[in-house]
Amino acid sequence: MMTKILLRALAGEALPTPPIWMMRQAGRYLPEYRATRAQAGDFLSLCYNPDLAAEVTLQPIRRFGFDAAILFADILLIPQALGADLWFVTGEGPRLSTITDARQLGELKPADAIHDTLSPIYETIRILSRELPPETALIGFAGAPWTVATYMIAGRGTPDQGPAHAFKNADRVAFSALIDRITEATILYLSAQIDAGAEVVKIFDSWAGSLQGADFDDFALTPARRIIQALKQRHPNVPVIAFPREAGDRYIGFARATGADCVALDNSVSAEWAAEKVQGDGCVQGNLAPHHMVTGGDELIAEAQRITRAFRGRPHIFNLGHGITPDANPENVAAMIEAVRSA
Ligand code: CP3
């Protein structure tokens with residue numbers, strides 16, 4: 001049987017053309033996504049409706065023929081499953097009930113209660129396992145504990161993760177207990193996604209770059225290692241992609257230290273640097289700047305080809321350095337794929 005090219009790259013194979021997918025590939029830049037979201041009512045209703053969530057997951061596969069589909073859900077469903085209130089303010093972003101002291105931590109549900117809330121997500125995965133084309137790999141995901149904690153503490157996205165840093169610095173013991181609770185829930189969540197049919201899982205640590213020194217080791221690297229070790233014990237053949245965004249030189253050795261099969265690179269590091277310093281550890285993913293999907297043109301082609309060539313000869317998955325934005329032009333996505341495949 002032909003192995004899906006995403007899985008071949010993750011197994012360490014250098015391919016003449018890398019597999020391609022995009023963070024946020026199912027999203028508001030696509031008119032068909034906006035139509036399905038309107039049908040669902042709002043973003044969270046879409047996440048918890050398995051038929052419609054599967055439909056939006058499939059839309060970019062039909063339109064562009066990406067080599068992987070990523071489950072349509074959100075990293076903030078875990079806090080909700082642990083008992084936080086969650087809602088999305090249109091045009092602004094997520095809002096959650098905040099956690100400001102150790103007492104509120106005590107009110108969170110135990111990690112194994114998450115399945116009560118998250119079972120529709122597993123159903124979305126089961127539908128996708130049946131409906132995806134045979135060459136398309138299915139990626140499940142969760143937020144990394146630090147990134148999820150930053151939203152749980154502040155109750156919203158923050159430019160500098162100030163409230164989470166303040167909580168950590170004031171009460172490291174309580175903060176570590178929150179990280180542990182999210183870590184345990186994440187292991188159970190990703191394991192259930194794999195049982196339902198996810199073939200790869202990705203851990204999004206969008207705010208890893210704001211952790212310095214020992215904090216990076218304690219709250220980005222160690223939780224990632226714990227999650228990956230636990231998953232590998234239960235599912236030794238399922239590859240894991242880790243995304244410690246804006247980790248800079250701490251990308252070096254991150255895969256080795258955590259057991260990840262691949263690290264995803266944001267667009268603040270150069271492909272040439274990462275090819276030399278990071279790709280020696282194994283597969284890397286990335287790292288075209290998302291703004292090219294808005295502007296397109298010769299720069300898009302040149303950048304997509306430069307990145308493809310920089311990583312050529314060793315395992316690489318082509319992706320953006322962060323999610324595609326709502327103002328992107330779908331025609332530029334098609335041009336990007338063509339540029340990578342002809343590089
Ligand atoms: O990549 C995919 O297409 C899969 C689905 C997915 C979503 N969010 C859907 C989504 C994934 C993997 C995520 C991850 C996620 N969610 C992260 C980590 C990655 C990153 O971008 O840094 C974070 C921090 C979140 C939390 C979150 N969700 C925020 C801050 C926002 C608001 C910003 C925005 O883009 O609107 C969301 C909303 C969200 N998650 C949307 C989508 C498609 C837009 C919702 C809408 O339709 O209005």
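The rules behind the values
- Residues numbered from 1 in each chain as written.
- Predicted model: local features only at pLDDT ≥ 70, side-chain atom pairs only at ≥ 80, totals over all residues.
- Heavy atoms only, no water.
- UniProt positions renumbered as here; feature names shortened; annotations may be inferred.
- Near = heavy atom within 4 Å.
- Polar contact = N/O pair within 3.5 Å; in protein donor to acceptor, adjacent residues only side chain to side chain.
- Areas by Shrake-Rupley, 256 points an atom, 1.4 Å probe, with all protein chains shown as cover.
- Helix = DSSP H or I, 4+ residues; strand = E, 2+ residues; numbered from the N terminus.
- Nonpolar A, V, L, I, M, F, W, Y, C, P; charged D, E, K, R; others polar.
- Buried < 20%, exposed > 50% of the residue type's maximum accessible area, 1.4 Å probe, protein only.
- Pairing = 2+ DSSP bridges.
- Right-handed = clockwise from strand over helix to strand, strands pointing away.
- Axes fitted to C-alpha atoms, helices over the stretch in contact; angles between N-to-C directions.

- By the naming in an unreviewed UniProt entry, the chain is Uroporphyrinogen decarboxylase, taken from Paracoccus amoyensis.
- Looking at the chain in UniProt, the text filed under Subcellular location (unreviewed entry) is "Cytoplasm".
- Word for word, the UniProt comment on the chain under Subunit (unreviewed entry) is "Homodimer."

**Focus: the site of the ligand**
Inference 1: Taken together, 23 residues surround the ligand, and among them Arg28, Tyr33, Arg37, Asp74 and Ser206 come closest.
Inference 2: At 2.8 Å from an oxygen atom of the ligand is found a main-chain nitrogen or oxygen belonging to Arg24.
Inference 3: Between Ser206 and the ligand, the recorded distance is 2.5 Å, taken from a side-chain N or O atom to an oxygen atom.
Inference 4: Taking 870 Å² as the accessible area of the ligand by itself, protein coverage stands at 87%.
Inference 5: Mapped by element, the contributors of at least two residues to the shell around the ligand are helix 2 (31-40) and strand 3 (93-96).
Inference 6: Here the residues of the shell around the ligand are counted per class, giving 15 nonpolar, 4 polar and 4 charged.

**Brief notes about the UniProt feature "domain: Uroporphyrinogen decarboxylase (URO-D)" (unreviewed entry) in the chain**
Inference 1: With numbering aligned to this structure, UniProt lists the feature "domain: Uroporphyrinogen decarboxylase (URO-D)" (unreviewed entry) at residues 19-28 and 139-155.
Inference 2: Across residues 19-28 one finds 0% helix and 0% strand; the C-alpha atoms that close the span lie 23 Å apart.
Inference 3: Secondary structure content for residues 139-155 is 59% helix and 29% strand, while the C-alpha to C-alpha distance between its ends is 27 Å.

**Quick word on the pairing of strand 6 (residues 240-244)**
Inference 1: Across the 5 residues of strand 6, 5 count as buried, placing the element largely inside the fold.
Inference 2: Here strand 6 shows no split at all, with Val240, Ala242 and Pro244 on one side and Ile241 and Phe243 on the other all buried.
Inference 3: Pairing of strand 5 (residues 200-205) with strand 6, which is carried by 5 bridges, proceeds in the parallel orientation. Opposite Lys202, over in strand 6, you have Ile241 as the bridge partner.
Inference 4: After leaving strand 5, the chain enters helix 11 (residues 214-234) and then returns to the sheet as strand 6, a path that is right-handed.
Inference 5: Two strands pair when backbone bridges link them, and strand 6 and strand 7 (residues 262-264) are joined in this way by 2 bridges, in the parallel orientation.

**Notes on the sheet that holds strand 4 (residues 137-143)**
Inference 1: With respect to topology, 7 strands assemble into an open sheet ordered 1-4-5-6-7-8-9, the strand pairing being parallel. Here the strands that pair on one side only, and so sit at the sheet edges, are strand 1 (68-70) and strand 9 (316-320). Averaged over all neighbouring strand pairs, the angle between strand axes comes to 25°, with direction disregarded.
Inference 2: The pairing of strand 1 with strand 4 spans 3 bridges and is classified as parallel. When the bridges of strand 4 are listed, Ile70 appears paired with Ile139.

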